[in-house]
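# Residue-level structure breakdown
Here is how the chains run, residue by residue.
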Amino acid sequence: MQEEIRFATFNVCNLAPAGAKLYDNLEPLTQVQYEAKREWTARQIDLLDADVIGFQEVFSQAALRDVLAHTRHYRDATQAGIDAVDGSGRMLPSVALVSRLPLAGPGIAYPTFPAGVSLPREGQGTDASLNRYARAPLHVQVMLPGGSLTDVLVVHLKSRRPDYRNGDGNDVLNYALANLRSLQRRGAEAVALRVLASELGHSGHPRIVLGDFNDIANAVTTAIVMGAGAACQPGEEMRERLYDSNAIQLRQDYLRHVGYTNIHDSAYMTIDHILVSEHFHPASPRAIGLVLDVVYLNDHLLQALPQASDHGQVLVRIKLLGNIG
(Lines give C-alpha, C1' and ligand atoms only; values in the text may rest on other atoms or scores of the structure.)
Protein backbone atom coordinates (compact mmCIF):
# COMPACT_ATOMS: atom_id res chain seq x y z
CA MET A 1 0.00 0.00 0.00
CA GLN A 2 1.16 3.54 -0.71
CA GLU A 3 2.79 4.81 2.49
CA GLU A 4 2.72 8.57 1.89
CA ILE A 5 0.07 10.86 0.45
CA ARG A 6 0.56 14.44 -0.64
CA PHE A 7 -1.93 17.32 -0.80
CA ALA A 8 -1.19 20.72 -2.31
CA THR A 9 -2.91 24.03 -3.02
CA PHE A 10 -2.02 26.24 -5.98
CA ASN A 11 -3.44 29.66 -6.85
CA VAL A 12 -2.53 29.80 -10.54
CA CYS A 13 -3.29 33.54 -10.92
CA ASN A 14 -5.76 34.20 -13.72
CA LEU A 15 -5.43 31.02 -15.77
CA ALA A 16 -7.38 31.65 -18.96
CA PRO A 17 -6.95 31.08 -22.70
CA ALA A 18 -5.12 33.60 -24.86
CA GLY A 19 -7.35 36.51 -25.82
CA ALA A 20 -9.85 36.09 -22.97
CA LYS A 21 -10.87 39.38 -21.34
CA LEU A 22 -11.03 38.89 -17.57
CA TYR A 23 -10.99 42.38 -16.04
CA ASP A 24 -11.31 45.88 -17.46
CA ASN A 25 -7.88 46.84 -16.12
CA LEU A 26 -6.12 43.66 -17.31
CA GLU A 27 -5.07 43.02 -20.87
CA PRO A 28 -5.77 39.51 -22.24
CA LEU A 29 -2.83 37.17 -22.62
CA THR A 30 -1.27 36.90 -26.03
CA GLN A 31 -0.68 33.40 -27.39
CA VAL A 32 3.02 33.66 -26.53
CA GLN A 33 2.23 34.84 -22.98
CA TYR A 34 -0.32 32.05 -22.52
CA GLU A 35 2.14 29.39 -23.66
CA ALA A 36 4.78 30.73 -21.26
CA LYS A 37 2.28 30.65 -18.40
CA ARG A 38 1.14 27.15 -19.38
CA GLU A 39 4.71 25.81 -19.41
CA TRP A 40 5.64 27.44 -16.09
CA THR A 41 2.46 26.19 -14.40
CA ALA A 42 2.97 22.66 -15.75
CA ARG A 43 6.54 22.56 -14.42
CA GLN A 44 5.40 23.81 -11.02
CA ILE A 45 2.71 21.12 -10.85
CA ASP A 46 5.28 18.43 -11.60
CA LEU A 47 7.59 19.93 -8.97
CA LEU A 48 4.82 19.65 -6.36
CA ASP A 49 4.33 15.98 -7.25
CA ALA A 50 1.20 15.85 -5.06
CA ASP A 51 -1.49 13.17 -5.20
CA VAL A 52 -4.24 15.79 -4.88
CA ILE A 53 -3.96 19.47 -5.85
CA GLY A 54 -6.56 22.17 -5.28
CA PHE A 55 -6.44 25.12 -7.69
CA GLN A 56 -7.77 28.67 -7.46
CA GLU A 57 -8.24 31.44 -10.05
CA VAL A 58 -9.06 28.97 -12.80
CA PHE A 59 -11.05 30.97 -15.36
CA SER A 60 -11.19 28.04 -17.78
CA GLN A 61 -11.25 24.36 -16.90
CA ALA A 62 -10.15 23.68 -20.49
CA ALA A 63 -7.04 25.82 -19.93
CA LEU A 64 -6.22 23.76 -16.84
CA ARG A 65 -6.63 20.56 -18.85
CA ASP A 66 -4.24 22.04 -21.40
CA VAL A 67 -1.72 22.70 -18.63
CA LEU A 68 -2.04 19.11 -17.36
CA ALA A 69 -1.42 17.82 -20.89
CA HIS A 70 1.97 19.56 -20.76
CA THR A 71 2.99 18.01 -17.43
CA ARG A 72 5.01 14.82 -17.10
CA HIS A 73 3.05 13.26 -14.26
CA TYR A 74 -0.58 14.48 -14.51
CA ARG A 75 -1.68 13.75 -18.06
CA ASP A 76 -3.90 10.92 -16.83
CA ALA A 77 -5.00 12.59 -13.59
CA THR A 78 -8.70 13.21 -12.87
CA GLN A 79 -9.89 16.82 -12.95
CA ALA A 80 -12.97 18.16 -11.14
CA GLY A 81 -14.40 21.66 -11.44
CA ILE A 82 -16.87 23.80 -13.35
CA ASP A 83 -16.54 27.04 -15.29
CA ALA A 84 -18.24 30.19 -13.98
CA VAL A 85 -19.50 33.14 -16.06
CA ASP A 86 -21.31 36.38 -15.27
CA GLY A 87 -24.54 37.62 -16.83
CA SER A 88 -22.72 38.95 -19.88
CA GLY A 89 -20.90 35.68 -20.45
CA ARG A 90 -17.51 36.91 -19.22
CA MET A 91 -15.37 34.27 -17.50
CA LEU A 92 -15.22 34.33 -13.70
CA PRO A 93 -12.60 32.71 -11.45
CA SER A 94 -13.42 29.29 -10.04
CA VAL A 95 -11.63 26.49 -8.21
CA ALA A 96 -10.68 23.01 -9.36
CA LEU A 97 -9.20 19.77 -8.07
CA VAL A 98 -6.78 17.41 -9.81
CA SER A 99 -6.17 13.96 -8.37
CA ARG A 100 -3.98 10.97 -9.13
CA LEU A 101 -5.98 9.08 -6.49
CA PRO A 102 -9.41 7.70 -7.44
CA LEU A 103 -12.49 9.83 -6.78
CA ALA A 104 -15.71 8.44 -5.32
CA GLY A 105 -17.79 10.61 -7.64
CA PRO A 106 -17.92 13.96 -9.46
CA GLY A 107 -17.14 17.17 -7.61
CA ILE A 108 -19.98 19.25 -6.18
CA ALA A 109 -19.83 23.06 -6.21
CA TYR A 110 -21.68 25.07 -3.55
CA PRO A 111 -22.54 28.51 -5.00
CA THR A 112 -24.82 29.54 -2.11
CA PHE A 113 -24.36 29.73 1.65
CA PRO A 114 -26.04 27.23 3.98
CA ALA A 115 -29.40 28.28 5.41
CA GLY A 116 -29.14 31.02 8.00
CA VAL A 117 -25.88 32.53 6.67
CA SER A 118 -25.90 35.81 4.74
CA LEU A 119 -24.15 39.14 4.43
CA PRO A 120 -25.58 42.23 6.15
CA ARG A 121 -27.61 44.28 3.68
CA GLU A 122 -26.62 47.89 3.02
CA GLY A 123 -29.61 50.22 2.70
CA GLN A 124 -32.90 49.12 1.18
CA GLY A 125 -33.70 46.59 -1.51
CA THR A 126 -32.41 43.10 -2.19
CA ASP A 127 -29.04 41.79 -3.27
CA ALA A 128 -28.82 38.37 -4.90
CA SER A 129 -25.18 38.06 -3.78
CA LEU A 130 -25.93 38.32 -0.06
CA ASN A 131 -25.99 34.55 0.35
CA ARG A 132 -23.53 33.52 -2.37
CA TYR A 133 -19.81 32.77 -2.34
CA ALA A 134 -17.65 34.98 -4.55
CA ARG A 135 -16.01 31.71 -5.70
CA ALA A 136 -18.02 28.56 -5.05
CA PRO A 137 -16.12 25.97 -2.97
CA LEU A 138 -15.72 22.54 -4.52
CA HIS A 139 -16.34 19.32 -2.57
CA VAL A 140 -14.73 16.13 -3.85
CA GLN A 141 -14.55 12.71 -2.19
CA VAL A 142 -11.10 11.13 -2.64
CA MET A 143 -10.25 7.49 -2.01
CA LEU A 144 -7.03 7.20 -0.01
CA PRO A 145 -4.76 4.15 -0.24
CA GLY A 146 -6.34 1.45 1.88
CA GLY A 147 -9.88 2.58 1.04
CA SER A 148 -10.49 5.52 3.39
CA LEU A 149 -12.97 7.99 1.89
CA THR A 150 -11.83 11.57 2.47
CA ASP A 151 -13.85 14.76 1.97
CA VAL A 152 -11.77 17.48 0.30
CA LEU A 153 -12.96 21.08 0.02
CA VAL A 154 -11.17 23.47 -2.34
CA VAL A 155 -11.83 27.08 -1.33
CA HIS A 156 -11.01 30.65 -2.32
CA LEU A 157 -12.26 33.30 0.07
CA LYS A 158 -12.86 36.95 -0.79
CA SER A 159 -9.69 38.94 -1.32
CA ARG A 160 -8.61 41.97 0.70
CA ARG A 161 -9.15 44.20 -2.33
CA PRO A 162 -11.40 47.09 -1.21
CA ASP A 163 -15.02 46.83 -2.35
CA TYR A 164 -15.92 50.36 -3.47
CA ARG A 165 -19.53 51.36 -3.99
CA ASN A 166 -19.09 55.12 -4.31
CA GLY A 167 -15.92 57.14 -4.76
CA ASP A 168 -12.41 55.76 -4.48
CA GLY A 169 -9.52 55.35 -2.08
CA ASN A 170 -8.69 59.06 -2.02
CA ASP A 171 -11.39 59.53 0.59
CA VAL A 172 -10.55 58.12 4.03
CA LEU A 173 -14.11 57.05 4.83
CA ASN A 174 -14.69 55.45 1.42
CA TYR A 175 -11.45 53.51 1.72
CA ALA A 176 -12.27 52.29 5.23
CA LEU A 177 -15.81 51.25 4.30
CA ALA A 178 -14.58 49.48 1.16
CA ASN A 179 -12.15 47.44 3.27
CA LEU A 180 -14.93 46.67 5.73
CA ARG A 181 -17.14 45.33 2.93
CA SER A 182 -14.37 42.97 1.82
CA LEU A 183 -13.87 41.80 5.39
CA GLN A 184 -17.62 41.26 5.83
CA ARG A 185 -17.73 39.21 2.64
CA ARG A 186 -14.74 37.11 3.68
CA GLY A 187 -16.19 36.71 7.18
CA ALA A 188 -19.56 35.54 5.86
CA GLU A 189 -17.83 33.07 3.54
CA ALA A 190 -15.79 31.78 6.49
CA VAL A 191 -18.97 31.18 8.49
CA ALA A 192 -20.56 29.42 5.52
CA LEU A 193 -17.49 27.19 5.12
CA ARG A 194 -17.47 26.36 8.83
CA VAL A 195 -21.09 25.17 8.57
CA LEU A 196 -20.33 23.19 5.41
CA ALA A 197 -17.22 21.57 6.91
CA SER A 198 -19.17 20.70 10.06
CA GLU A 199 -21.95 19.07 8.04
CA LEU A 200 -19.39 17.02 6.12
CA GLY A 201 -17.90 15.94 9.43
CA HIS A 202 -21.11 14.14 10.41
CA SER A 203 -20.09 11.28 8.11
CA GLY A 204 -17.02 10.59 10.23
CA HIS A 205 -14.77 10.72 7.16
CA PRO A 206 -11.44 12.56 7.27
CA ARG A 207 -11.68 16.13 6.00
CA ILE A 208 -9.19 18.39 4.26
CA VAL A 209 -9.97 22.04 3.47
CA LEU A 210 -7.36 23.69 1.28
CA GLY A 211 -7.00 26.82 -0.76
CA ASP A 212 -6.53 30.58 -0.75
CA PHE A 213 -8.03 31.96 2.46
CA ASN A 214 -6.80 35.51 1.80
CA ASP A 215 -5.90 35.73 5.48
CA ILE A 216 -3.24 34.37 7.82
CA ALA A 217 -3.73 31.24 9.90
CA ASN A 218 -4.51 33.04 13.17
CA ALA A 219 -6.90 35.57 11.63
CA VAL A 220 -10.48 35.56 12.88
CA THR A 221 -11.83 34.40 9.51
CA THR A 222 -9.45 31.42 9.30
CA ALA A 223 -10.15 30.55 12.94
CA ILE A 224 -13.88 30.49 12.13
CA VAL A 225 -13.29 27.93 9.36
CA MET A 226 -11.19 25.83 11.74
CA GLY A 227 -13.95 25.90 14.35
CA ALA A 228 -11.85 27.31 17.16
CA GLY A 229 -13.84 27.45 20.40
CA ALA A 230 -16.77 25.48 18.98
CA ALA A 231 -19.19 24.08 21.58
CA CYS A 232 -19.11 20.30 21.83
CA GLN A 233 -19.63 17.40 24.19
CA PRO A 234 -16.81 16.59 26.68
CA GLY A 235 -14.27 14.33 25.03
CA GLU A 236 -15.40 15.36 21.54
CA GLU A 237 -13.29 18.51 21.27
CA MET A 238 -11.18 17.25 18.39
CA ARG A 239 -14.00 15.87 16.26
CA GLU A 240 -15.43 19.23 15.23
CA ARG A 241 -12.24 21.17 14.61
CA LEU A 242 -9.87 21.54 11.68
CA TYR A 243 -6.15 22.09 12.19
CA ASP A 244 -3.52 24.08 10.33
CA SER A 245 -1.09 21.53 8.89
CA ASN A 246 1.80 23.90 9.48
CA ALA A 247 1.06 23.96 13.23
CA ILE A 248 0.86 20.18 13.72
CA GLN A 249 3.60 18.96 11.37
CA LEU A 250 6.08 16.58 12.95
CA ARG A 251 9.20 18.19 11.46
CA GLN A 252 9.24 21.70 12.87
CA ASP A 253 12.29 23.83 12.07
CA TYR A 254 11.72 27.29 13.49
CA LEU A 255 15.18 28.50 12.44
CA ARG A 256 14.35 27.86 8.79
CA HIS A 257 10.70 28.84 8.64
CA VAL A 258 10.10 30.53 5.29
CA GLY A 259 6.44 29.66 4.90
CA TYR A 260 5.07 32.70 3.11
CA THR A 261 2.82 32.41 0.06
CA ASN A 262 2.19 36.05 -0.83
CA ILE A 263 4.00 39.40 -0.79
CA HIS A 264 1.78 42.47 -0.50
CA ASP A 265 3.07 45.99 0.18
CA SER A 266 6.44 44.43 1.11
CA ALA A 267 4.77 42.25 3.76
CA TYR A 268 5.41 38.50 3.63
CA MET A 269 2.24 36.57 4.47
CA THR A 270 0.98 33.00 4.43
CA ILE A 271 -2.60 33.18 3.17
CA ASP A 272 -2.80 29.79 1.44
CA HIS A 273 -3.48 26.96 3.87
CA ILE A 274 -4.19 23.25 4.13
CA LEU A 275 -6.45 22.43 7.08
CA VAL A 276 -6.99 18.85 8.21
CA SER A 277 -9.37 17.08 10.54
CA GLU A 278 -8.31 15.18 13.64
CA HIS A 279 -7.69 12.11 11.46
CA PHE A 280 -4.24 13.58 10.70
CA HIS A 281 -3.48 15.02 14.14
CA PRO A 282 -0.88 13.24 16.32
CA ALA A 283 -2.97 13.74 19.49
CA SER A 284 -6.11 12.10 18.12
CA PRO A 285 -6.98 8.48 18.96
CA ARG A 286 -8.79 8.35 15.60
CA ALA A 287 -5.76 9.39 13.52
CA ILE A 288 -5.17 7.47 10.28
CA GLY A 289 -2.11 9.48 9.32
CA LEU A 290 0.27 12.18 10.53
CA VAL A 291 1.42 15.39 8.87
CA LEU A 292 5.13 14.86 8.30
CA ASP A 293 5.93 18.34 7.03
CA VAL A 294 4.70 21.33 5.07
CA VAL A 295 6.71 22.66 2.13
CA TYR A 296 6.30 26.11 0.57
CA LEU A 297 7.31 26.68 -3.05
CA ASN A 298 7.79 30.44 -3.14
CA ASP A 299 11.15 31.31 -4.75
CA HIS A 300 9.35 32.58 -7.84
CA LEU A 301 7.71 35.36 -5.83
CA LEU A 302 11.04 37.17 -5.55
CA GLN A 303 11.91 36.52 -9.20
CA ALA A 304 8.78 38.37 -10.39
CA LEU A 305 8.43 36.25 -13.53
CA PRO A 306 5.53 37.54 -15.66
CA GLN A 307 4.29 34.01 -16.39
CA ALA A 308 4.42 32.89 -12.75
CA SER A 309 1.70 32.99 -10.12
CA ASP A 310 1.70 35.72 -7.49
CA HIS A 311 1.14 33.02 -4.85
CA GLY A 312 3.45 30.40 -3.45
CA GLN A 313 2.26 26.80 -3.39
CA VAL A 314 1.74 24.74 -0.25
CA LEU A 315 2.54 21.02 -0.14
CA VAL A 316 1.65 18.76 2.80
CA ARG A 317 3.15 15.29 3.15
CA ILE A 318 1.14 12.82 5.24
CA LYS A 319 2.45 9.48 6.46
CA LEU A 320 -0.29 6.88 6.76
CA LEU A 321 -0.35 5.14 10.13
CA GLY A 322 1.00 1.64 10.16
CA ASN A 323 3.91 2.87 8.07
CA ILE A 324 5.56 5.33 10.44
CA GLY A 325 9.35 4.99 10.16
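Residues numbered from 1 in each chain as written. Predicted model: local features only at pLDDT ≥ 70, side-chain atom pairs only at ≥ 80, totals over all residues. Heavy atoms only, no water.

## Examining the packing of helix H1 (residues 31-48) against helix H2 (residues 61-69)
The description of two packed helices rests on the angle between their axes and on the distance between the axes. Packing of H1 against H2 brings their axes to within 8 Å, and their N-to-C directions diverge by 60 degrees. The two elements H1 and H2 cross, and the hand of that crossing is right-handed. Contacts between H1 and H2 involve Tyr 34, Arg 38, Thr 41, Ala 42 and Ile 45 on the former and, on the latter, Ala 63, Asp 66, Val 67 and Leu 68. Residues of the contact of H1 with H2, tallied by class, amount to 6 nonpolar, 1 polar and 2 charged. (Axes fitted to C-alpha atoms, helices over the stretch in contact; angles between N-to-C directions. Helix = DSSP H or I, 4+ residues; strand = E, 2+ residues; numbered from the N terminus. Left-handed = near helix turned anticlockwise from the far one by under 90°. Contact = heavy atoms within 4.5 Å. Nonpolar A, V, L, I, M, F, W, Y, C, P; charged D, E, K, R; others polar.)

## Section: unusual backbone geometry
At Cys 13, a residue that is not glycine, the phi angle is positive and equals roughly 65 degrees. Take Cys 13: it is sitting in strand S1 (residues 4-15). The backbone of Asp 49 sits at a positive phi, close to 55 degrees, despite the residue not being glycine. Inspection of the secondary structure assignment puts Asp 49 in the loop between H1 and strand S2 (52-58).

## Structural notes on empty space enclosed by the protein
Applying the stated criterion to the full structure yields 1 cavity of 30 Å³ or more. For the largest cavity, the calculated volume is near 40 Å³. Contributing to the lining of the largest cavity are Asp 244, Ser 245, Asn 246, Thr 270, Asp 272, His 273, Ile 274, Val 294, Tyr 296 and Val 314. Only helix H6 (245-248), strand S14 (272-276) and strand S15 (289-297) provide two or more residues apiece to the lining of the largest cavity. Among the elements that line the lining of the largest cavity, the one with the most residues is S14, at 3 residues. Its residues assigned to classes, the lining of the largest cavity comprises 4 nonpolar, 4 polar and 2 charged. (1 Å grid on protein atoms, 1.4 Å probe; cavity = no way out; pocket = protein on both sides within 12 Å on 5 of 7 lines; lining within 4 Å. Points joined across faces, edges and corners; volume = space filled by probe spheres on them.)

## Re the pairing of S14
Taking burial as the measure, the 5 residues of S14 include 5 buried ones, the bulk of the element. Relative to S14, strand S10 (residues 207-212) is paired through 5 bridges, and the arrangement is antiparallel. The residue bridging Val 209 from the neighbouring strand is Leu 275, located in S14. When strand S11 (residues 243-244) meets S14, the two strands line up antiparallel, connected through 2 bridges. Across the sheet, Tyr 243 pairs through a bridge with Val 276, a residue of S14. (Buried < 20%, exposed > 50% of the residue type's maximum accessible area, 1.4 Å probe, protein only. Pairing = 2+ DSSP bridges.)

## Regarding the sheet that holds strand S8 (residues 138-143)
One key point about sheets: their strands pair by backbone hydrogen bonds, in either a parallel or an antiparallel sense. Pairing within the open sheet is mixed, and its 6 strands lie in the order S7-S8-S9-S10-S14-S11. Edge positions in the open sheet fall to strand S7 (108-109) and S11, since each of these has one partner strand only. Across the sheet, helix H3 (residues 172-201) touches S8, strand S9 (149-156) and S10, and the angle it forms with S9 is around 175 degrees.

## What to know about the packing of aromatic side chains
Taken as a whole and assessed by the stated rule, the structure comprises 4 aromatic pairs. Between Phe 113 and Tyr 133, the aromatic rings sit 4.9 Å apart at their centres with planes inclined by 85 degrees, giving edge-to-face as the arrangement. Here Tyr 133 lies in the loop between S7 and S8 and Phe 113 lies in the loop between S7 and S8, a separation of 20 residues in the sequence. A single burial state applies to Phe 113 and to Tyr 133, both of which are buried. Through pairs of rings, three or more aromatic residues link up here, namely Phe 10, Trp 40 and Phe 55. (Phe/Tyr/Trp six-rings, centres within 6.5 Å; stacked < 30°, edge-to-face > 60°.)

## Examining the environment of Arg 135
As for its position among the elements, Arg 135 is in the loop between S7 and S8. Looking at Arg 135, the relative accessible area reads 13%, which means it is buried. Arg 135 sits 23 residues away from Thr 112 along the chain, and the two C-alpha atoms are 9.8 Å apart. Every residue in contact with Arg 135, bar those within four places of it in the chain, is listed here: Pro 93, His 156, Leu 157, Lys 158, Ser 159, Glu 189 and Asn 214. Reaching out from Arg 135, the side chain makes a polar contact with the side chain of His 156 at a distance of 3.3 Å. Here Leu 157 takes part through its backbone oxygen, which lies 2.7 Å from a polar atom of the side chain of Arg 135. (Polar contact = N/O pair within 3.5 Å; in protein donor to acceptor, adjacent residues only side chain to side chain.)

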